[in-house]
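Residues per chain, in single letters:
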Amino acid sequence: MFNAEIYISLKKTVADPQGLTVKHALESLGYKGLKDVRMGKLVRLQLDSKNRAEAETEVKGMCEKLLANPIIEEFSFKIESA
Amino acid sequence: MFNAEIYISLKKTVADPQGLTVKHALESLGYKGLKDVRMGKLVRLQLDSKNRAEAETEVKGMCEKLLANPIIEEFSFKIESA
Amino acid sequence: MKFGVIVFPGSNCDQDCFHVASKVMGQPTEYIWHKNSELGKFDCLIIPGGFSYGDYLRCGAIARFSPIMKAVIDFANSGGFVIGICNGFQILLEAGLLPGAMLRNKGLHFICKHVKLKVENNSTAFSSKYQKGQILRIPIAHNEGNYYIDEAGLKDLKKNDQIVFRYHGENPNGAIDDIAGIINKKGNVLGMMPHPERSSEIELNSIDGKGIFESILDRMNKK
Amino acid sequence: MIKPEVYQALGLKDEDYRRIEKILGREPSKTELAMYSVEWSEHCGYSSSKKYLKLFPQTGRYQTMVGEDSGGFYYDDLAIIFKMESHNHPSQVEPKQGAATGVGGIIRDIFTAGARPIASLNSLRFGPLSEPYNRYLLGGVVDGIAFYGNCLGVPTVGGEIYFDESYTGNCLVNAMSIGICKRSEIARARAGGVGNPIMYVGSSTGRDGIGGCSVLASNEFCEGEEKRPTVQIGDPFTEKCLIEATLETLATGHVIGIKDMGAAGLTCSTSEMAAAGGVGVEIDLDKVPRREEGMEPWEVMMSESQERMLVCVKAGKEDEIHRIFDKWDLHAVVIGHVNDSGIVTIKDKGTVVARMTTKSLTEPEIFDLPYERPSDLDAIYRLDLKTIPVPKDLNEVLLKLLGSPTIASKAWIYEQYDHMVQTNTCVLPGSDAAVMRIKGKDWALAATSDCNSRYCYLNPNRGAQIAVAEAARNLVCSGADPAAVTDCLNFGNPNKPDRFYYFKNCVEGIIEACKAFGTAVVSGNVSFYNESPKGAINPTPTIGMIGILKKLDDRTTSYFKNEGDAIILLGDTGEEIGGSEYLKVIHGQVRGDAPALSLEREKDLQGMMLETIRAGLVKSAHDCSEGGLAVALAESCIINKDGKLGAVIDDLGSKIRPDALLFGESQSRIVISCDPKDVSKIETAAKKWKVPFRTIGKVSSSGFKIPGLIDLPIDRLETAWTSAIK
Ligand SMILES: Nc1ncnc2c1ncn2[C@@H]1O[C@H](COP(=O)(O)OP(=O)(O)O)[C@@H](O)[C@H]1O
Ligand SMILES: [Mg+2]
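Residues numbered from 1 in each chain as written. Chains lettered and ligands numbered in written order. Predicted model: local features only at pLDDT ≥ 70, side-chain atom pairs only at ≥ 80, totals over all residues. Heavy atoms only, no water.

Engineer: Teacher, can you tell me more about the overall build of chain A here?
Structural biologist: Regarding its fold elements, chain A presents two helices and three strands. Going from the N terminus to the C terminus, chain A shows its helices and strands as β-α-β-α-β. On C-alpha atoms alone, chain A measures out to a radius of gyration of 16 Å, which is more than a quarter above the 12 Å that the 2.2 N^0.38 rule sets for 82 residues. C-alpha atoms of chain A, sized along the principal axes, occupy 50 × 30 × 15 Å. For chain A, the proportion of its 82 residues judged to be buried stands at 48%. A separation threshold of at least 6 residues defines the contact pool for chain A, and within that pool the share at least 24 residues apart is 72%. Accessible surface, chain A as shown: approximately 4000 Å² in total, 53% of it carbon and sulfur. (Helix = DSSP H or I, 4+ residues; strand = E, 2+ residues; numbered from the N terminus. Rg over C-alpha atoms; globule rule 2.2 N^0.38 Å. Buried < 20%, exposed > 50% of the residue type's maximum accessible area, 1.4 Å probe, protein only. Contact = heavy atoms within 4.5 Å. Areas by Shrake-Rupley, 256 points an atom, 1.4 Å probe, with all protein chains shown as cover.)

Here it is in structure tokens:
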């Protein structure tokens, strides 16, 4: 069993109004000196791949096919044995 | 300058219909042996705290005050100097 | 002519589209369940608005893998007419039948209201009944209608005259270049965020959307 | 031995516990104790309110259907089913999901009755927006209603929203939903037919919403478990599939009865379905689809997991039902059967974990709670007009009132709701009531919700009457005949006699007004304990009302149509500013009596209004409510953002104080506009109905003017009105 943690975020070239809004909200709470607040998605899942290499191939495939849209998003992930 | 990466997810005890739907979608794409697909939020930001300890306090405060609702969500984060 | 309305779990404008195609336009119309892998004989497919699969993960991302979509793609590739409205547009983008992607509205809210559209291209099968430059009043209702395409893609769209509708006056969602509806290069697949089926009867305070259905009907009758 | 702490923490009193022991003749099991505690709770059992709710008129001018989970009335060959429900406390802690699950719950109530949901409304109350948490609540609640309702494809066509200090710490979120079906297709919430299967359909069961019972977990049963949140995540996608699957199932004709699993989940649905059918049921908990491992029987019985229903079907038809739910990727499992015992039996892993008569569960003790007029009311009641100076600049007053969030444009809210899906909304939000066509019919429906809780606070009986009268007036202004009522009664702790006084008097006010209008109360909901450390909320008996437009063509909107049209005021303006928005916003006072109301005059006004609308004489109609005549006129100028107009008012013919004239909230008044050639016909109708009539001015294109009092350009009115809620 492996635990995968997948991070999906908008590409740098794509504007992120939600991040901007969160930044303003944080600033109005008194947090100053913030830069570059960006919002993304987190997907956690368990998979029963035979080994880490297989798990990595699978997770990469999931991201490319479904979890991320390459036109606007990029992804990265972390895999740990459960 | 510090980079913070914040992970917000629904508490284990709260149902996650979105995660369930994504699990079914992945299964229908041929990914078997999945368990516990859970969706969450990812927030990335830069902050100009004086030191790591201060950065941690700030990020924790942001999560508690704004980014996560403790009734249904839990959070964790990672801080690195930029 | 015969319309087909594709029904995904979570589609919610399927009955509205069915109503316009069958009752307002008076054409034979059938629902097509997403689990079917084959299409019958149709002249025009409508992919309706709604929240296919709850819009979970990303609008249209999961519906795009429904069994019926392979048949829809084949149908489009062989020249069949397809209209994707709202969520249907998002599905067409995810399926790669139209270029680009949808982002969240710049105001971060769902918006439902009448907007003004400008007809940019009236030489398509879906817009021939309009005048070029005509201003239409048609409602939108979406959370992710902020159309995005990279610079090269946008150039292409313009070069090929693929932008059919632009928002006029106010851009409600931040869409690049005010784009509200586009067509593929071949001219048989239209995607648009505004809802023509909500503005095809006088009781609903606007009939400006009806021209789309009239255009396609006209085209089929001439064939 | 069950310790008193355990049952007390479940909300049961010592005498309740003794009653349970007496009923069972033994000590209850954990599951039984939990089941009694929820069924006898105020939420399910209505033990403190039932005595009064029984007095609501259940019949009226339209033939009604009452007594099921939701009620309705019949018109033509259709049944119109509707109900309102509160989700206040969950929304206060998690506004988005709290409001979302509230919408989900009320819509389930509608389609379990066999009706397709065609529209929703929402009635919201928050503390002042100057407090950030209230702003957060407003944003979250609206987001939650949009998230759920938009996804379902049920248009949210109207509602109301008020801001008042008393809701700080306890906001109100009342959701209303309307559905229609053929008369013959109404489904019942009952089990029947010995041997027939009981099927569980929809989502799986988790430990959601067992909050109230967490004491069972923390006291000796499962030490160390994390406290469960009582807020759940709404899943509108599953609910949408559940609507379609349920309506398909009902259409097979194989269904004996069906009930949604709302509060107290399986406990409520099994025992109430059996009780309603006069039968018994035996349920096998092992069959219940689960999302979490290791759930105890009482947890399964208590779970409030969303998007689930219970169906009693004809034996032999299980497979057919199963196929339908399978198509929609939903569970459908036989979990038990009907017997003739009158007893609910719950089995887990082969052993009986609960066994009691349905009657003992569903007939809790009814209380007759004491009430007492609040001691501070007499002082608040007194208002000496001489102490209230008339402001010099009435333009400023009008702009301030238009910018008061309670009066200001609600477009920021309703534009986040899909209010057009299903393509039936013919009068969109922004007018007095929403109008929905019914495809294939030439008649139509109108819907509204109303309640000015400040009036109810000052004068509960009359305040409640005004809520009913205003709802009816809003329908009539839209061209509809008021048909029937649902309510959501939001009050403080009923065990405090001064709070209960408000409840009793408001209920009596509703009854009186509904009898006068001939509108039956067909459904409703009670929400007590709406208190924060600062005290109780204003008494808020929200009224939801549905009307019938004989012809869709009768639909009328509230904004002016053409320059040169005559503007007419129907009704009298008294020197009343008690309880008004004007007194509050400009003078910072909440006092005085609520405006006077004569139900007879109100009925005449509405009769006359409807008659002239049906005769095609009226171009616009807008009732005077918060902010009075000046606000009603200003709104008629600016509501239609695509066709703003002005008004010149030159003949108010009144000698009363100008502030009362412009901003007082006298009841039974409507501002209409018409073609100048129709003025005399309208006057004749007014005479016939004995309605005070005066042509006060005309529609213009150059600002809003009342010589000597008001002179403002239209864009200033609009800016004030549209920028308050954003
Ligand atoms: N919470 C809400 N949700 C949807 N629509 C709303 C809401 N609040 C107000 N509206 C709409 O805004 C318009 C004005 O509401 P309101 O000022 O309460 O009218 P009235 O005083 O005539 O009852 C109505 O059409 C109403 O349905
Ligand atoms: Mg009104």
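Engineer: I would appreciate a short explanation of the relation of the copies chain A and chain B in the present structure.
Structural biologist: The operation relating the pair of chain copies consists of a rotation about an axis and a translation along that axis. Note on the identical chains: chain A maps onto chain B by a rotation of 180° and an axial translation of 0.0 Å, with an RMSD of 0.2 Å. Such a turn and shift between the copies fits a two-fold axis. Residues of chain A ranked by C-alpha distance from the rotation axis are headed by A:Lys41, positioned 2.4 Å from it. When the interface residues of chain A are mapped onto chain B, 100% of them again fall at the interface, so both copies present the same face. (Least-squares fit on C-alpha atoms with pLDDT ≥ 70 in both.)

Engineer: Sorry if this is basic, but what is going on with the sheet that holds strand E15 (residues 434-437) of chain D here?
Structural biologist: Neighbouring strands of a sheet are bound in pairs by backbone hydrogen bonds; such pairs are parallel or else antiparallel. Residues and elements named next belong to chain D. In space, the six strands of this open sheet follow the order E14-E15-E16-E21-E17-E18, with mixed pairing throughout. Across the chains shown, the open sheet's two edge strands, defined by having one partner strand only, are strand E14 (425-427) and strand E18 (520-527). Between one strand and the next, the sheet's axes are offset by a mean angle of 25°, whatever the strand orientation. In this structure, strand E16 (residues 444-450) lies alongside strand E21 (residues 540-549), joined through seven bridges in antiparallel fashion. Paired with Ser449 across the two strands is Gly544, which belongs to E21. (Pairing = 2+ DSSP bridges. Axes fitted to C-alpha atoms, helices over the stretch in contact; angles between N-to-C directions.)

Engineer: Teacher, can you tell me more about the coordination of the magnesium ion (ligand 2) here?
Structural biologist: Six octahedral donors around a metal ideally subtend angles of 90 or 180 degrees, whereas four tetrahedral donors ideally subtend 109.5 degrees. Residues and elements named next belong to chain D. The coordination sphere of the magnesium ion (ligand 2) contains the protein donors Asp432 (OD), Asn474 (OD1) and Asp623 (OD), at a distance range of 2.1 to 2.5 Å. Of note, the donors binding the magnesium ion (ligand 2) are all from one chain and are spaced D-x41-N-x148-D. Of the two residues, Asn474 sits in helix H19 (residues 460-477) while Asp623 sits in strand E23 (residues 620-623), which places them 149 residues apart along the sequence. Asp623 shares its class with Asn474; the two are buried. (Donors = N, O, S within 2.8 Å, 3.2 Å for Na, K, Ca; no water.)

Engineer: Sorry if this is basic, but what is going on with the interface of chain A and chain B here?
Structural biologist: Quoted interface sizes are often the accessible area lost when the parts come together. On the side of chain B, 34 residues touch chain A, which itself brings 34 residues to the contact. When chain A packs against chain B, close to 2900 Å² is buried across both sides, 63% of that on carbon and sulfur atoms. By the criterion of area lost to chain B, the three top residues of chain A are A:Tyr31, A:Leu42 and A:Arg44, representing 21% of everything that side buries. Along the contact surface separating chain A from chain B lie zero salt bridges. Across the chain A-chain B interface, the total number found is twelve residue pairs in polar contact (both at pLDDT 80 or more). Among the secondary structure elements, those contributing two or more residues to the side of chain A that touches chain B are strand E1 (2-10), helix H1 (17-28), strand E2 (34-47) and helix H2 (52-67) of chain A. (Buried area = accessible area lost by both parts, 1.4 Å probe. Salt bridge = Lys/Arg side-chain N within 4 Å of Asp/Glu carboxyl O. Polar contact = N/O pair within 3.5 Å; in protein donor to acceptor, adjacent residues only side chain to side chain.)

Engineer: What's the story with the sheet that holds strand E2 (residues 34-47) of chain B in this structure? I'm lost.
Structural biologist: Pairing is antiparallel in the open sheet, where six strands are placed in the order E3(A)-E1(A)-E2(A)-E2(B)-E1(B)-E3(B). In this open sheet, the two strands that pair with only one neighbour each are strand E3 (73-81) of chain A together with strand E3 (73-81) of chain B. The sheet shows a mean angle of 20° between the axes of neighbouring strands, direction not considered. Relative to E3(B), strand E1 (residues 2-10) of chain B runs antiparallel, the two sharing nine bridges. Its bridge partner being in E3(B), B:Ile6 is matched across the sheet by B:Phe77. Against the sheet, H1(A) makes contact with E2 of chain A together with E2 of chain B, and its axis sits at roughly 115° relative to E2(A), the strand it touches most. In this fold H2(A) packs onto E1, E2 and E3 of chain A together with E2 of chain B, with an angle of close to 155° to the strand it touches most, E3(A).

Engineer: What exactly am I supposed to notice about helix H3 (residues 87-94) of chain C here?
Structural biologist: Along an α-helix, a turn takes 3.6 residues, which lines up residues three or four apart on a common side. All names here are of chain C. Counting buried residues along H3, eight of its eight residues qualify, which places the element largely inside the surrounding structure. Looking at H3, one finds that the buried residues are Asn87, Gly88, Phe89, Gln90, Ile91, Leu92, Leu93 and Glu94. At the C-terminal side of H3, Gly96 shows a positive phi close to 80°.

Engineer: Honestly, the interface of chain D and chain B in this entry has me stumped. Any pointers?
Structural biologist: In this assembly, 15 residues from chain D lie in contact with ten residues from chain B. Buried surface at the junction of chain D and chain B, both sides included, amounts to about 1100 Å², of which 66% is carbon and sulfur. Inspection of the region where chain D meets chain B yields two residue pairs in polar contact (both at pLDDT 80 or more). Here the side of chain D that touches chain B is composed, by residue class, of six nonpolar, two polar and seven charged. (Nonpolar A, V, L, I, M, F, W, Y, C, P; charged D, E, K, R; others polar.)

Engineer: Help me understand the site of ligand 1 in this model?
Structural biologist: Residues and elements named next belong to chain D. Around ligand 1, the structure places 19 residues, and the nearest of them are Asn122, Gly430, Ser431, Asp450 and Ser625. Taking Glu160, its main chain carries an N or O atom lying 3.3 Å from a nitrogen atom of ligand 1. Between ligand 1 and Ser431 there is a distance of 2.6 Å, counted from an oxygen atom to a backbone nitrogen or oxygen. In isolation ligand 1 offers 550 Å² of accessible surface; the protein chains occlude 90% of this area. Every element with two or more residues in the shell around ligand 1 is listed here: strand E4 (116-126), strand E5 (156-163), helix H17 (411-414) and H19. If you tally residues by element for the shell around ligand 1, the top one is E5, at four residues. Residues of the shell around ligand 1, tallied by class, amount to six nonpolar, seven polar and six charged. (Near = heavy atom within 4 Å.)

Engineer: What's the story with the arrangement of the chains in this structure? I'm lost.
Structural biologist: Highest in contacts among the five pairs of chains that touch are chains A and B. Kept free of each other, chain A and chain D leave a smallest C-alpha distance of 10 Å between them.

Any link to function would need more than the numbers given here.
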